[in-house]
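Breakdown of the fold
What follows is the residue order along each chain.
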Amino acid sequence: MKNVIILDLDGVLITTPTWKADEMDFDGYSVFNKKCVENFNKLTEDLECELWLSSTRRMNKTLQEFREIFINRNIKTEIKGFLPNGDYQISRRKEIEAFLSHEPINNFLILDDDSSLHNLEEKYKKYWVQTSLLVGFNSEKLKQAQEIIKTLWKD
């Protein structure tokens, strides 16, 4: 059994408004919000967990490319993999529910701004930290995530 964080990028670590083009970092990929990255690193600092990427951005880069992007942005936790069945036709909610029902997962946390997750099954929904596009994973969302881990995760 394992601990898993399911991570979206836009609205979590990338907070560029949809009406603006992404600012590019030195490696040619989108700039991440530094404060959101700091908060994410605080969350995962002493946490033994796997990081699974749910972002639709996973369809345009390989796992190794994302690992390098995360290193370049000082994210301490390596990405384990992508949620399977990445397809624009399948809702994020369905992707997450399918992943959680087929993987041997003990504890999980979902960091995502996707409003379709309001329709998650109740047994999954309580593990969701809903961020917002322009704010991302701020200190308030960090506290919420830490509270979920403290109260809902089992040893």
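What you are looking at is a predicted structure, and each value in this text was computed from that prediction instead of being measured.

Points about the packing of aromatic side chains
- Within this structure, the stated rule accounts for seven aromatic pairs.
- When the ring of F40 is compared with that of F137, the centres are 6.5 Å apart and the planes differ by 70°; the resulting orientation is edge-to-face. In this pair, F40 is assigned in helix 1 (residues 34-44) and F137 in the loop between strand 5 (128-130) and helix 5 (139-152), connecting sequence segments 97 residues apart.
- A ring pair is formed by F108 and Y127, whose centres lie 4.3 Å apart and whose planes are at 40°; its orientation type is tilted. Of this pair, F108 sits in strand 4 (residues 105-112) while Y127 sits in the loop between helix 4 (122-125) and strand 5, and the two are 19 residues apart along the sequence. Of the two residues, F108 and Y127, both sit in the buried class.
- Counting every residue linked through ring pairs, the aromatic cluster contains Y29, F66 and F82.
- One residue, R73, lies across the ring of F32, its end atom 5.2 Å from the ring centre.

Some points on the sheet that holds strand 2 (residues 50-53)
- An order of 3-2-1-4-5 is seen for the five strands of this open sheet, with the pairing classed as parallel. Here the strands that pair on one side only, and so sit at the sheet edges, are strand 3 (79-82) and strand 5. Within this sheet the neighbouring strands show an average axis-to-axis angle of 20°, counted without direction.
- Two strands pair when backbone bridges link them, and strand 4 and strand 5 are joined in this way by three bridges, in the parallel orientation. Among the inter-strand pairings, D112 is bridged to a residue of strand 5, identified as Q130.
- Sheet contacts for helix 1: strand 1 (2-7), strand 2 and strand 4; angle to strand 1, the most-contacted strand, approximately 170°.
- The strands that helix 5 touches are strand 4 and strand 5; relative to strand 5, the one it contacts most, it runs at about 170°.

Quick notes on the rules
- Residues numbered from 1 in each chain as written.
- Predicted model: local features only at pLDDT ≥ 70, side-chain atom pairs only at ≥ 80, totals over all residues.
- Heavy atoms only, no water.
- Phe/Tyr/Trp six-rings, centres within 6.5 Å; stacked < 30°, edge-to-face > 60°.
- Helix = DSSP H or I, 4+ residues; strand = E, 2+ residues; numbered from the N terminus.
- Buried < 20%, exposed > 50% of the residue type's maximum accessible area, 1.4 Å probe, protein only.
- Lys NZ or Arg CZ within 6 Å of the ring centre and 35° of its normal.
- Pairing = 2+ DSSP bridges.
- Axes fitted to C-alpha atoms, helices over the stretch in contact; angles between N-to-C directions.
- Contact = heavy atoms within 4.5 Å.

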